[in-house]
Amino acid sequence: MKEKEEIRLKELKKIENELQKEQKRKIAGIDEAGRGPLAGPVVIASVIMPEDSMIEGVNDSKKISEKKREILYEKIIEEAISYSAIVVDHKTIDEINILNATKQGLTQSIKELKEKPDLILVDALEHINTCQIPYLSMIKGDAKCYSIAAASIIAKVTRDRIMRQWDEVYPQYGFAKHKGYGTAAHIEAIKKYGLCPIHRRSFVKNIIKVDE
């Protein structure tokens, strides 16, 4: 590992290292992928990494290429003490709204961990049910905290794989490319083909008028 990368990772782990000195030995990072798209699920991931984990390249998933995320995903889940990824579908998002769907998935992701963390670090969510485990909410946590960054990669790769599968079912929308986000090409496809079953009706109606 190059010295510059080692320094970056040490800075990214600074928060966890300080907390671990306070006997918060098992720290779970939590992040989501897919709050903004017009189609598909939101995925919430939780992960507990070993205290000495230093996987080269771990960063906010938005700063990493799709190819590199796939490689890092495999390294993270191999090294993780425990991890989970919860998929909350488009129907639930429409029924209870995206914020509540994300919070619901977060609680479930904590329950799915095989080991109970001492502390949870979460990216910019508050008023959440963490199963009575203390938590700290951090704005832009995926860019500041190693565990949250690792969770962001798990969530993003899981969701991207799902959207690539949906692309095979509905190829006319280009889900493999834009992953359901509201790109110009995606909106044009909606105008041309209408909505498909995985579109979030509550999202699309605020952007474009379409016939059901």
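Residues numbered from 1 in each chain as written. Predicted model: local features only at pLDDT ≥ 70, side-chain atom pairs only at ≥ 80, totals over all residues. Heavy atoms only, no water.

**Side note on the overall build of the protein chain**
Here is the rule: Helix and strand definitions follow DSSP, with helices as H or I runs of at least four residues and strands as E runs of at least two, each counted in order from the N terminus. With the radius of gyration taken over C-alpha atoms, the globule rule is written as 2.2 Å times the number of residues to the power 0.38. Categorising residues by exposure relies on relative accessible area from a 1.4 Å probe, with only protein chains included: less than 20% of the type maximum marks a residue as buried, more than 50% marks it as exposed, and the intermediate range marks it as partly exposed. Note on contacts: a residue pair qualifies if any of its non-hydrogen atoms lie within 4.5 Å across the two residues. Here, Shrake-Rupley sampling with a 1.4 Å probe gives the accessible areas, and only protein chains in the shown set may cover a residue.
Along the protein chain, the regular secondary structure elements total 10 helices and 5 strands. The C-alpha radius of gyration of the protein chain comes to 18 Å, within 12% of the 17 Å expected for a compact globule of 212 residues. Each of the three principal axes of the protein chain carries a C-alpha extent, and together these read 55 × 40 × 25 Å. Counting all 212 residues of the protein chain, 51% fall into the buried class. Counting only contacts in the protein chain whose residues sit at least 6 apart along the sequence, the fraction spanning at least 24 positions is 66%. Looking at the protein chain as shown, the accessible area adds up to about 10,900 Å², and 50% of this sits on carbon and sulfur atoms.

**Focus: the nonpolar core**
The following threshold applies: Nonpolar cores were defined as sets of buried Ala, Val, Leu, Ile, Met, Phe, Trp, Tyr and Cys residues, with membership established by side-chain atoms within 4.5 Å.
If you look at the biggest cluster of nonpolar residues, it comprises 33 residues, and the most contacted ones within it are I30, L106, I120, V122, Y173, F175 and I198. For this core, the elements supplying multiple residues, two or more each, are β1 (27-33), β2 (42-48), β3 (82-88), α5 (98-112), β4 (119-123), α9 (184-193) and α10 (201-204). Sorting elements by how many residues they give to this core places α5 first, with 4 residues. The contact partners of I198, leaving out residues within four places of it in the chain, are A39, G40, H90, M163, W166, Y170 and F175. Ranked by size, the runner-up nonpolar core spans 23 residues in total, among them V47, A150, I153 and I154.

**Describing the pattern of salt bridges**
This is how it is decided: The salt bridge definition used is simple: a Lys or Arg side-chain nitrogen within 4 Å of an Asp or Glu carboxyl oxygen.
Inspection of every chain in the model, using the stated rule, returns 15 salt bridges. With a shortest N-O distance of 3.3 Å, K179 and E66 are connected by a salt bridge. Within this pair, whereas K179 is found in the loop between α8 (175-178) and α9, its partner E66 is found in helix α3 (residues 66-79), the two being separated by 113 residues in sequence. The shortest N-O distance in the salt bridge between D160 and R69 comes to 3.2 Å.

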